[in-house]
Amino acid sequence: RRLHLVEEALLAGHGVAAVAAASRIDPWFVDQIAQIAEGVSALAGRRLDDLEARELLEAKRLGLSDARLGVATGETEGAVRDRREALGVRPVFKTVDTCGGEFPAVTPYHYSTYEEEDEVRPAARPRVVILGAGPNRIGQGIEFDYACVHAAFALEDAGFESVMVNSNPETVSTDYDTASRLYFEPLTAEDVLAVCRAERPVGVIVQFGGQTPLRLARTLQEEGFAVLGTSADAIDLAEDRGRFAQILAELQIPAPPHGEARTPAEAGEIAARIGYPVVVRPSYVLGGRAMEIVYEPEDLEAFVATAAAASPDHPVLIDRFLEGAIEVDVDAVCDGNEVFVGAVMEHIEEAGVHSGDSSCAIPPPTLSDGELDEVEDITRRLAHRLGVHGLLNLQLAVKDERVWVLEANPRASRTVPFVSKVIGSSLARIATMVLAGRTIDQLRADGLVPADPRRYRHLPYTSVKAAVLPFDRFPGADTILGPEMRSTGEVMGIDADPGVALAKALVAAGSSVPTSGTVFVSVANRDKRAVVFPAKRLSDLGFRLLATGGTAGVLQRAGIPVERVRKVSEGGTSVVDLIRAGQVDLIVNTPFGRGARSDGYFIRTAAAVAGVPCITTLPGVFAAVRGIEALRGGPTEPRSIQEYPAAAAAAAVPIQVRLDLDDAVVVGHGSER
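Nothing here was measured: the structure is a model prediction, and the numbers come from that model. (Residues numbered from 1 in each chain as written. Predicted model: local features only at pLDDT ≥ 70, side-chain atom pairs only at ≥ 80, totals over all residues. Heavy atoms only, no water.)

1. Notes on the sheet that holds strand β9 (residues 292–294)
- Taken in spatial order, the four strands make up an open sheet running β7-β10-β8-β9, and their pairing is antiparallel. Edge strands, defined here as strands with exactly one partner in the open sheet, are β7 (258–261) and β9. Here the average twist between neighbouring strands, direction ignored, is 25°.
- Note that strand β8 (residues 278–281) and strand β10 (residues 316–320) share four bridges and pair antiparallel. Its bridge partner being in β10, valine 279 is matched across the sheet by aspartate 319.
- Docked against the sheet, helix α12 (residues 241–251) engages β7, β8 and β10, running at close to 160° with respect to β7. (Pairing = 2+ DSSP bridges. Helix = DSSP H or I, 4+ residues; strand = E, 2+ residues; numbered from the N terminus. Axes fitted to C-alpha atoms, helices over the stretch in contact; angles between N-to-C directions. Contact = heavy atoms within 4.5 Å.)

Here it is as structure tokens:
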């Protein structure tokens, strides 16, 4: 929006120098925006059919996209593309000079431009285009780049030339030795189609770069390019909440009551029918953008408007929120017949915290074998019914001994790198081989897929994924976690002791919990009974406990030593003053609903400014206590991440095979049988 305001100011007559001074954007860039604004103004109101090749070429050299030309001429992006190509106005690709002009540049880095000579060389092998994730941002980060890199390596091993399309130079996928060819191009229909027309690939992979390339699947198919793996219709089947709900009903798989709304009135009717609290979210977005849990009717209209603005071409989704449920993630690969479940992850936080912000553990610490069997069965049935070919991510919730399906994503998820490192098998590589025509059974015979189909359950170690949160960079931001993703990265802790694994993850995430000092506790009414146990354990470990009135009363009646402190609204020296003075080492503050979140705002923001760890979920409190206990146990012996799955694989060799090997050694030494 800021760049659009700069353009509006320039069109209103403000000079480049004045706009640069007001916006603090370098004058060179402001001048480039001014040139684009002038180009758009010159085309405004013109009919597309009246534009000549020369005019379109000038507009493209200026940097105007087909979509922008469509807005200026009142046509669709597709219509502009058709007109431009009919007139012979097409981009060519140049090679990035990586040698500064001193030597001929042979590195296959390419970029598009509207000139004459094309420098793309013919390929010696069949090519497959991989669409990357584009710029890193919340909800779409480096986790997807991991999948793209492993896909490129797998394609090379399978005999293909890998062609990477990505516009982010700080990723591994754009390194010189990752793919056979690299195009520094935006992940838009116009630019991707231009690459595909230059390369003529046997197929395009859209499922490794997150939501951005997934949106291009249908356009690519309509333009005659094969999308390898899950089809565009199957992708839409999972993304369209109405169609997906019909599939769940057909398969008799439980799902929270839901509805789709295009107006605030429809949203109100749906929320009243399914009951509050509800989750309001837009369609076709990543990272839970504009998603919110709504507890009261008066808050609904504002959140529906925000969600609609985030995805204006699709309806707003409204689901009943399963408060207090355990959320579960599944990453799997389907070859069209067999489904390999990489892992079932159990979130440490309850449902309602975005999966990108939530910590999770493998193996699942509290789910029973029966619940895991049901989760795996649901995964297989949905993969087959949706027509998944490649990766599939499922998000589920377990409540009241029932497994509920929340959503299905027929693409790589941000947990693919985590699962791959935990089980010692790259899911992205397995999926790529499947897209290239191999079966899971063949990959199992080659050793790429574990022989044990439930390996994640039998691991002799625990792995914990934790989120890196940027609250220290945004003073005044509320640190409460919810359905909209806020983390900027993830870390992993791994150890034979679950508590030590959690402690490692917390330390790596920069949220290292104290091993002594003062803990402030203030929890919602629903959590007061459950917080007694971790509070008692913290007291036994020697921590001094502080609490506001309601929580302090519960702890005192349970026989736990605690000191009462004032809320901000009560006047005098409050808990916020103690936090700012450095007298609090750990904060436990669980909100409930919009009101409670507002009440705890000052506590949480003060904690962020002071750098004091603040835990906002009850499961997080239990996890932190285990981490504190592990940290107080002393340092552990460092091991590389590769050693864990290698040791697990060795331990998983059947006893008879190990006996046979032992016998062979004995025989080799000349012993008689």
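2. Some remarks on the pairing of strand β19 (residues 544–547)
- Two strands pair when backbone bridges link them, and strand β18 (residues 518–523) and β19 are joined in this way by four bridges, in the parallel orientation. Bridge pairing in β19 places phenylalanine 520 opposite leucine 546.
- Tracing the backbone out of β18, into helix α20 (residues 532–540) and back to the parallel element β19 gives a crossover that is right-handed.
- When β19 meets strand β20 (residues 563–564), the two strands line up parallel, connected through two bridges. In the sheet register, leucine 546 faces β20, and the bridge partner there is glutamate 563.
- Of the crossover connections in this fold, the one passing from β19 over helix α21 (residues 549–557) to the parallel β20 is right-handed. (Right-handed = clockwise from strand over helix to strand, strands pointing away.)

3. Some points on the confidence of the model for the chain
- For the chain, per-residue confidence averages 85 on the pLDDT scale, and residues scoring 70 or more make up 90% of the total.
- In this model, residues 285–290 is a region of pLDDT below 50 whose contacts with residues beyond four sequence positions or in other chains number 30 contacts.
- In this model, residues 654–673 is a region of pLDDT below 50 whose contacts with residues beyond four sequence positions or in other chains number six contacts. (pLDDT = per-residue confidence, 0-100.)

4. A look at the pairing of β7
- Along β7, the buried face is formed by Gly259 and Ala261; none of His258 and Glu260, which line the opposite face, is buried.
- Inspection of the sheet shows β7 paired to β10 by four bridges, in the antiparallel sense. Paired with glycine 259 across the strands is isoleucine 318, a residue of β10. (Buried < 20%, exposed > 50% of the residue type's maximum accessible area, 1.4 Å probe, protein only.)

5. Here we look at α21
- Along α21, the residues classified as buried are Thr551, Ala552, Gly553, Val554 and Leu555.
- Along its buried surface, α21 packs onto β18, α20, β19 and β20.
- Where α21 terminates, the next one or two residues include glycine 559, which has phi positive at roughly 80°.

6. Let's talk about the nonpolar core
- By size, the foremost hydrophobic cluster in this structure holds 77 residues, and its most contacted members are Phe208, Val344, Ile362, Leu382, Leu396 and Leu427.
- In terms of residue count, helix α7 (residues 142–157) provides more of this core than any other element does, eight residues in total.
- The residues that make up this core include at least three from each of domain 2 (100–228) and domain 3 (231–254 + 323–510).
- With 34 residues, the next largest nonpolar core counts Ala361, Ala501, Val562 and Leu618 among its residues. (Core = buried A, V, L, I, M, F, W, Y, C linked by side-chain atoms within 4.5 Å. Domains from an automatic or database assignment.)

7. Here we look at the packing of helix α3 (residues 27–43) against helix α5 (residues 66–73)
- Direction vectors running N to C along α3 and α5 enclose 40°, while the axes themselves pass 8 Å from each other. Taken together, α3 and α5 sit at an angle that is classed as oblique. Crossing of α3 over α5 shows right-handed handedness. Contacts from Ile36, Val40 and Leu43 in α3 reach Arg68, Leu69, Ala72 and Thr73 in α5.
- Within the contact of α3 with α5, the residues separate by chemical class into five nonpolar, one polar and one charged. (Parallel < 35°, antiparallel > 145°, perpendicular 65-115°, else oblique. Left-handed = near helix turned anticlockwise from the far one by under 90°. Nonpolar A, V, L, I, M, F, W, Y, C, P; charged D, E, K, R; others polar.)

8. Quick word on the packing of aromatic side chains
- On inspection of all chains with the given rule, the structure shows five aromatic pairs.
- Centre to centre, the rings of tryptophan 28 and phenylalanine 29 are 5.0 Å apart; their planes meet at 90°, and the pair counts as edge-to-face.
- Using a relative accessible area of 53% as the deciding quantity, one classes tryptophan 28 as exposed.
- Note on phenylalanine 29: relative accessible area 47%, which makes it partly exposed.
- Judged by centre distance (5.0 Å) and plane angle (85°), the ring pair of phenylalanine 93 and tyrosine 183 falls under edge-to-face. Within this pair, whereas phenylalanine 93 is found in strand β1 (residues 92–95), its partner tyrosine 183 is found in strand β5 (residues 181–183), the two being separated by 90 residues in sequence. (Phe/Tyr/Trp six-rings, centres within 6.5 Å; stacked < 30°, edge-to-face > 60°.)

9. Quick look at the sheet that holds β18
- The sheet built from five strands is open, its strands ordered β20-β19-β18-β21-β22 with parallel pairing. In this open sheet, the two strands that pair with only one neighbour each are β20 and β22 (614–615).
- Bridge analysis of β18 against strand β21 (residues 586–590) gives five bridges, and the strand direction is parallel. In the strand pairing of β21, phenylalanine 520 is matched with isoleucine 587.

10. Structural notes on helix α26 (residues 643–651)
- Of all the positions in α26, only Tyr644, Pro645 and Ala648 are classed as buried. Seen along its axis, α26 keeps its buried residues to an arc of 90°; they face one direction.
- Summarising the contacts, the buried residues of α26 are in contact with α16 (416–423), β17 (489–495) and α19 (498–508). (Arc of directions from axis to C-beta.)

11. A few points about the pattern of salt bridges
- One pass over the full model with this rule turns up 37 salt bridges.
- In this structure, arginine 243 engages aspartate 236 in a salt bridge whose closest nitrogen and oxygen atoms are separated by 2.8 Å.
- Among the residues examined, arginine 243 registers a relative accessible area of 27% and is labelled partly exposed. (Salt bridge = Lys/Arg side-chain N within 4 Å of Asp/Glu carboxyl O.)

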